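Here are the chains, one letter per residue:
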Amino acid sequence: MTQGSSEAIWSTLPDQQARILRWMVRLADDVTLQEVANHFELDLPAAEAELSALVEGGYLSTLTNLDEELRYRIAPSGESGMMVSEGRTLATSERNGDLVSMRGNPIAIITNPSGDYTITAGETFELRVTLSNQGPKGAIIDLYIDEVSQPLRQWCLSPEERLALSPGQSSEVVFQFVIPVQAIPENYIYSLIVDAPEHYPEDTPIRHQHTLRILPPIQAGPQVNDPTFTLFPSTRATQPLPITPGQPFEVRVIVNNRSNRVDRFRLTCSDLPPDWYQVIYPEGLNRLGLVLDQDTLALNPGSQGEILLLLQFPEEISAGQYFPTVCLTSLNNRDLLLMEVMYLTVLPRYELNIELRTILGKIRLGEGLYELRVTNGGNTGRELMIQAREDSETPDCAYRLLPSALQIPQGESGKVFVEVEPTERKRRPWWGKGREYRFFLDLTDPHELPLPVESLEGTLIWQARPWWHLFLVILAAGGAIAAAIFLVWWYFVRPPSPPRVLQFSSVSPTYEAADGDFIHLNWQITHPRRIAALQISGTATGDATPPRPLVYDLTNGIPEALAEVCSFRPNLVCQNVRTDARQAGDYTFELTVVPRRLRDNSPFSQRTDTISILPIPVPTLVDLAAQIAPPNVTATPVSVALNPERQDSPFPETIVQFNWQVLHPEQLQEIRLVGRAPNNSVVSPPQRYSFTGGIPEPLRPYCQIVDQRLICREIPQVMREPGEYIFEVALVPRQGNGEVVEAKTTDTIVIEAPQSPELLEFDTTQSQYDGTQNERVRLNWEIAFPRNLRELRVIGRSPQGAVLASQQRYDFSDGIPAPLIDYCRASQERLVCQNVPTNSAGGGQYVFELSVVPKAGLGLPSASQKSNLVEVKAPDVPVRIGSFQVNGRDVPLKYIARVNPRTPTRSLRISWQVQGPPGTKVTLLPIPGTVGLSGSMAYPLSQQSGQQTLTLQGVSPSGEQVQRSLIIETIAPEPTPGAAPGSDGTPPSRPIPTLPTVPDSPFNLPPEFD
């Protein structure tokens, strides 16, 4: 059976059963219920139900092994017509020379040698396999010698190969078999498996089976005294002897004993089953003269004897060539084995039993069903092609054969189901015994082997229709006549029908006045050619103005006012006819139709249901709420509520969050937000948010419109003053003169003044520190209410108030600052800091002061506390004068400067630097006295001649003293004797000799510090 026919059978099965069959065919082995359940992930009852259905359909058969375990296998022949032989898949193979390809299979196989092969033990056998990928896709193909092909698989150097082929590509694989010398001479059957499970799972595996005949190894010629034997009749490989199955065949074996001893010989044939042959030795006499059966042939030296080998092959043996080996052994020399090969061929016997069975030969509807059963009683496999035909030129029936070809192994049976269906239903007889169709099934053998019958005849009877079919025909004829009479009356006798209103309604049952739309009407009237005029009138309730009536003249067709909204198709259909009703209220319209050219020309009318125009909705404020945001909430405020009288508030900012919802936001023009005190005084100017262009920009992060509802969440307002607040939210609609239609207030919001931080404890860790070891003063403190703390300031002074340790500032705006993160621990109520280092450097006495700056205020400390007096031992550092300069140069012992009283006073730039331990006291005498360790000053010169001594002195805390002095001498010019005074009483001017002078100082100021 071809692959296409098996797929046609499988297509009639449920999907799960078809998958089980394909899997078992590829597996080519028996399976158990548990294996099927595990592979397809089914429970045991479901798997048992599927397998039972396949067994009932003839697709599977059951067997029980020695362990009494129930197993399932592919049925060799079943009701489905599948033919599976020797573990092959449903896609059977056919041989054409040395090419083996599956019908419809994308993989073509060529083997060399193509059939059975004979080789001598000790030689090497090569099996060359050429594969061609004829499919549409590339494939990875596995080739291997089957595990059951032992011992040939053991003798193969590489029993498994894999190759990848693109579409249209071919390749060759060579399997080498090294036959050992000690191999037993017999026929070895091997199977070559070709599988591509990943790319062609439905078409593989393909099993290719052949026989390798191994002959005895070529031995040296017999010795002169070795026995010999000869077979009569003699056979050759090119001319094997024909054997008829079931009939005996005699072979005479002539044995020559060429030795010098009496010997006995025994004849065996190990290649054949014991019941296929019989060895007959000549009868012998014992000493008593009795005739006894012999199991050996006894020969004297140099004598010759005959052994009769009687062959009788069973009748069910397959036709083909057989090469049994005849072995002769000597009892004297058991190591000597004489062998001879007989070349035999079993003649084919062609015997087919063909039977056509009628399953359904009489039909009314559907198809007739026949079964063609063929049984192969011969000794060869048979292949049949079946075709259906009729003896008429034009076939009257359609034939479907499942399958259309059979491959029947020896001793097996095959079935073909034939479905016959008449093609023309109208030819079914109305009465009588029915219509008879004769058809023939032609059998052909593609190999032109003899057939017992070449054609089978079948008959299909198509029964007559039931009596009620004829009744229906008569009834249909009567109905056709009645319909013709009715049509004549309808078109020629019936009076014309008046127009009738099929539909008169509004386009929509409700309208919105906010949309500014008018009410539109639809109507549909039959027989528009018989309408003279249409009148539409309406009534209104409440304060709405009734719509004006509309009159349309249809005597000349559709009027111009209705040309764009009405059409004849064939009724008068008008849609979206506009009226002038647009005010809010309830309306009812009436359509009056005036007919023409009728016996009864009285008009008739029809009313619509009540049509409502809803008034413009007013925005409504719901769910107004306000609350103080948590301290950790930060937001960009929409607006800031400030008290106009205290804009520079020292208090921290407090965020108030608002939530509200507004219904009908499309009618909203503006939202106003204002803050008031409990006495109704305004504490913040009104905030206006215009909705004319949608949600205003400041509110977009907090508001959205969902289901015609404006929802605003957590709108922030920043408050900088403690107190009680009541907020009011007012809505201004688009319709009106800008007046507020609704206003709501929140509950009272109380903003409390923050609790100032309180300094509970402050002191140093110890009273004395060793400055010689670079030990710094460390502080401990504890502060209450740290959440309102802005800054801490630490400074170290001497007992006299001089700053010894510069001020340190710690900003707590964002929590504990980084310099204190390792020393401080904070909670909601306490801040505890321990072992905080200071920037004290050098020895001396210190008093540290801690100042607390709260968040509320102008940045001034709200509390401060001083530590106890702490002493730091100064390191032993000698005091010395690093530099002492006049006008940037080192001072000499004496500095001479020339002055002129008539010129402005000049100054010298004095600079110094003294190095010593902390607490070193530096003085500059006579003026200005105590100075810093380093500095500079402007020292004015006297305008008179004289000397001044300037002394720089440094004294360490331990009493060590160092000093350096500078003598400054000024020289003024002396007046000339006898000089006449001027008119103003001053001596007359005369040239003054030039004297060397020092450079003038840029400062003509009294002594001062830089």
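Source: prediction; values computed, not measured. (Residues numbered from 1 in each chain as written. Predicted model: local features only at pLDDT ≥ 70, side-chain atom pairs only at ≥ 80, totals over all residues. Heavy atoms only, no water.)

1. A short note on the packing of aromatic side chains
So, step 1. In total, this model carries 20 aromatic pairs according to the counting rule given.
So, step 2. Above the ring of Tyr200, the side-chain terminus of Lys137 is found at 5.4 Å from the ring centroid.
So, step 3. Above the face of the Phe518 ring, Arg578 is positioned so that its terminal group lies 3.7 Å from the ring centre. (Phe/Tyr/Trp six-rings, centres within 6.5 Å; stacked < 30°, edge-to-face > 60°. Lys NZ or Arg CZ within 6 Å of the ring centre and 35° of its normal.)

2. Side note on the UniProt feature "transmembrane region" (unreviewed entry) in the protein chain
So, step 1. Within this numbering scheme, the UniProt entry marks residues 470–492 as carrying the feature "transmembrane region" (unreviewed entry).
So, step 2. Each end of residues 470–492 is marked by a C-alpha atom, and these two atoms are 33 Å apart; helix forms 100% of the span and strand 0%. (UniProt positions renumbered as here; feature names shortened; annotations may be inferred. Helix = DSSP H or I, 4+ residues; strand = E, 2+ residues; numbered from the N terminus.)

3. Structural notes on the environment of Gln948
So, step 1. For Gln948, the location among the structural elements is in strand S73 (residues 946–955).
So, step 2. Separated by 18 residues in the primary sequence, Gln948 and Leu966 have C-alpha atoms spaced 8.2 Å apart.
So, step 3. Excluding residues that lie within four positions of it along the chain, Gln948 makes contacts with Tyr939, Ser942, Leu966, Ile967 and Ile968.
So, step 4. Of note is the side chain of Gln948, whose polar atom sits 2.5 Å from the side chain of Tyr939. (Contact = heavy atoms within 4.5 Å. Polar contact = N/O pair within 3.5 Å; in protein donor to acceptor, adjacent residues only side chain to side chain.)

4. A look at the pattern of salt bridges
So, step 1. A full pass over the atoms with the stated rule returns 30 salt bridges.
So, step 2. Asp445 is the partner of Arg382 in a salt bridge, and the nearest nitrogen-oxygen pair spans 2.9 Å. Highlighted residues: Arg382 in strand S30 (residues 382–389) and Asp445 in the loop between strand S34 (435–444) and strand S35 (455–462), separated in sequence by 63 residues.
So, step 3. Residue Arg382 is classed as buried on the basis of its relative accessible area of 3%.
So, step 4. With a shortest N-O distance of 3.6 Å, Glu829 and Arg787 are connected by a salt bridge. With Glu829 in the loop between strand S61 (824–826) and strand S62 (830–837) and Arg787 in the loop between strand S58 (778–784) and strand S59 (789–797), this pair connects stretches of sequence that are 42 residues apart.
So, step 5. Given a relative accessible area of 37%, Glu829 falls into the partly exposed group.
So, step 6. On the basis of relative accessibility, which here comes to 41%, the residue Arg787 falls in the partly exposed class.
So, step 7. By sharing partners, the salt bridges in this structure join Glu355, Arg357, Glu371, Arg373 and Lys415 into a single network. (Salt bridge = Lys/Arg side-chain N within 4 Å of Asp/Glu carboxyl O. Buried < 20%, exposed > 50% of the residue type's maximum accessible area, 1.4 Å probe, protein only.)

5. As for the side chain of Asn522
So, step 1. For Asn522, the position within the fold is in strand S38 (residues 520–525).
So, step 2. Within the structure, Asn522 has its side chain in polar contact with the backbone nitrogen of Asn576 (distance 2.7 Å).
So, step 3. Setting aside chain neighbours within four positions, we find Asn522 in contact with Gln503, Phe504, Ser505, Val507, Cys574, Gln575 and Asn576.

6. Describing the state of the cysteines
So, step 1. On inspection of all chains with the given rule, the structure shows three disulfides.
So, step 2. Residue Cys703 pairs covalently with Cys712 via a disulfide, S to S 2.1 Å. Residues Cys703 and Cys712 are joined through a disulfide that is right-handed, its torsion about the S-S bond being 115°.
So, step 3. By relative accessible area, Cys712 is classed as buried at 0%.
So, step 4. Residue Cys269 stays outside any disulfide, its sulfur separated by 7.3 Å from that of Cys327, the closest cysteine.
So, step 5. Residue classification places Cys269 among the buried residues on the basis of a relative accessible area of 1%.
So, step 6. Residue class for Cys327 comes out buried when judged on its relative accessible area of 8%. (Disulfide = S-S within 2.5 Å.)

7. Some points on the environment of Arg162
So, step 1. Within the fold, Arg162 resides in strand S10 (residues 160–165).
So, step 2. On the basis of relative accessibility, which here comes to 57%, the residue Arg162 falls in the exposed class.
So, step 3. Separated by 34 residues in the primary sequence, Arg162 and Ala196 place their C-alpha atoms 9.7 Å from one another.
So, step 4. Beyond its immediate chain neighbours, meaning those up to four positions away, Arg162 contacts Ile140, Ile141 and Asp142.
So, step 5. A polar atom in the side chain of Arg162 sits 2.6 Å from the side chain of Asp142.

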